[in-house]
Amino acid sequence: MSRPLIQIDDLVREMTEEEYAAYLYNIEHTDPLPNA
Amino acid sequence: MNGIGLWLVKSQTVGTGVSSVNVTSAFTADFDNYRIHWNNGTLSAQTSLEFKLGASTSTYNYKMLYGSYANATVAGSGKENQAKFEWCGGGDSNFAVMDVTVFQPFLTKYTGICTNGFYNPNVEMGIMSGVHKTATSYSDFTLTPSGGATMTGGTIYVYGYRNV
């Protein structure tokens, strides 16, 4: 399974394993959008 | 380089379906304060954008006042010592934009940020201000759509405000 893409200036590539772990951690630790 | 009020430091075209965009060499000694826009792109889901300075993942403190276009209700949300700034623009598959001002990111001081109302801009507005409480110089930033969404297209513009 391919990992999500990240972009660094003009370079677009798949996340490394470490980047993907940090990405998943960030999603798990971010609240849903607040809505009034 | 420092002879006009607002100088286009850099523009960066956003790729297709990217989960984050890192913009390098955005902040330099030429300017203290910066305006960053993103327009003409889309998000894969309705969400907002997260903003990080360099590789820093701590000491982000911020608060937002927000509300729906549908009513007069104003709500608030604040967070301390987080891993990123949230609510720095956003949108969905129809309309996604960003407009933030970043204060002194290249100086070896705390960095400030404020947004100009674009938060979840198809249905809501929200004005966020915050401070990153680490006295470090940063030259790059990263935008990440919340919740695992992706960005497609458009251009990120980085402008520098003229120093005295």
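What counts and what doesn't
Residues numbered from 1 in each chain as written. Chains lettered and ligands numbered in written order. Predicted model: local features only at pLDDT ≥ 70, side-chain atom pairs only at ≥ 80, totals over all residues. Helix = DSSP H or I, 4+ residues; strand = E, 2+ residues; numbered from the N terminus. Rg over C-alpha atoms; globule rule 2.2 N^0.38 Å. Buried ≥ 20, exposed ≤ 12 C-beta atoms within 10 Å, placed from the backbone. Contact = placed C-beta atoms within 7 Å. Pairing = 2+ DSSP bridges. Nonpolar A, V, L, I, M, F, W, Y, C, P; charged D, E, K, R; others polar. Core = buried A, V, L, I, M, F, W, Y, C linked by C-beta atoms within 7 Å. pLDDT = per-residue confidence, 0-100.

Engineer: I tried to follow the overall build of chain B on my own but got confused; where do I start?
Structural biologist: Summing up its helical and strand segments, chain B has zero helices and 14 strands in all. Taking 15 Å as the expected radius of gyration for a compact globule of 164 residues, we find that chain B reaches 15 Å, a close match to that expectation. Taking the principal axes of the C-alpha coordinates as reference, chain B spans close to 45 × 30 × 30 Å. When each of the 164 residues of chain B is scored for burial, the buried share is 41%. In chain B, once contacts between residues fewer than 6 apart in sequence are set aside, the share between residues at least 24 apart is 78%.

Engineer: Explain the pairing of strand β6 (residues 75–82) of chain B here, please?
Structural biologist: For a regular strand, side-chain orientation follows a simple rule: the groups alternate between the two sheet faces. Counting buried residues in β6 of chain B gives zero out of eight residues, a small share hidden from the surface. Between strand β5 (residues 60–68) of chain B and β6 of chain B, which pair antiparallel and follow one another directly, the connecting turn spans six residues.

Engineer: Whenever I open this one, the interface of chain A and chain B confuses me. Can you help?
Structural biologist: The accessible area lost on association of the parts is a frequent measure of interface size. Contact residues are listed per partner, giving 15 residues for chain A and 26 residues for chain B. Counting only elements with at least two residues in the side of chain A that touches chain B, the list comes to β1 (5–8) and α1 (17–28) of chain A. The residue makeup of the side of chain A that touches chain B, split by class, is 10 nonpolar, four polar and one charged. Here four bridges tie β1 of chain A to strand β2 (residues 18–23) of chain B, and the two strands are oriented parallel to one another. Along β2 of chain B, the bridge assignment pairs Ile6 of chain A with Ser20 of chain B.

Engineer: Looking at this structure, how should I read the nonpolar core?
Structural biologist: Within soluble globular proteins, side chains that are nonpolar tend to cluster in buried spots. Residues Phe51 and Cys88 of chain B are the most contacted members of the largest nonpolar core, which totals 39 residues. Of all elements in the fold, only β2, β3 (33–43), β4 (47–53), β5, β8 (96–103), β10 (117–120), β12 (141–145) and β14 (155–161) of chain B reach the threshold of two or more residues within this core.

Engineer: Quick question: what am I supposed to make of the pairing of β4 of chain B here?
Structural biologist: All names here are of chain B. Burial analysis of β4 places seven of its seven residues in the buried class, which makes it a mostly covered element. Pairing of β4 with strand β7 (residues 90–91), which is carried by two bridges, proceeds in the antiparallel orientation. Among the inter-strand pairings, Ser48 is bridged to a residue of β7, identified as Gly90.

Engineer: Looking at this model, I keep getting lost on the confidence of the model for chain B. Mind explaining?
Structural biologist: Do not read the fine detail of predicted coordinates wherever pLDDT is low. The share of residues in chain B with pLDDT of 70 or more is 98%, and the mean pLDDT across the chain is 96. Under the prediction, the complex receives an ipTM of 0.93, its pTM being 0.96.

Engineer: How should unusual backbone geometry be read in this particular structure?
Structural biologist: Outside of glycine, negative phi angles account for most residues, and trans bonds account for most peptide bonds. Residues and elements named next belong to chain B. The residue Asn40 is not glycine, and still its phi comes out positive at about 70 degrees. On the secondary structure map, Asn40 appears in strand β3. We classify Asn40 as exposed; it has 11 C-beta atoms within 10 Å. Although it is not a glycine, Gln104 adopts a positive phi angle of roughly 50 degrees. Taking the C-beta count within 10 Å as the criterion, Gln104 has 17 such neighbours and is therefore assigned partly exposed.

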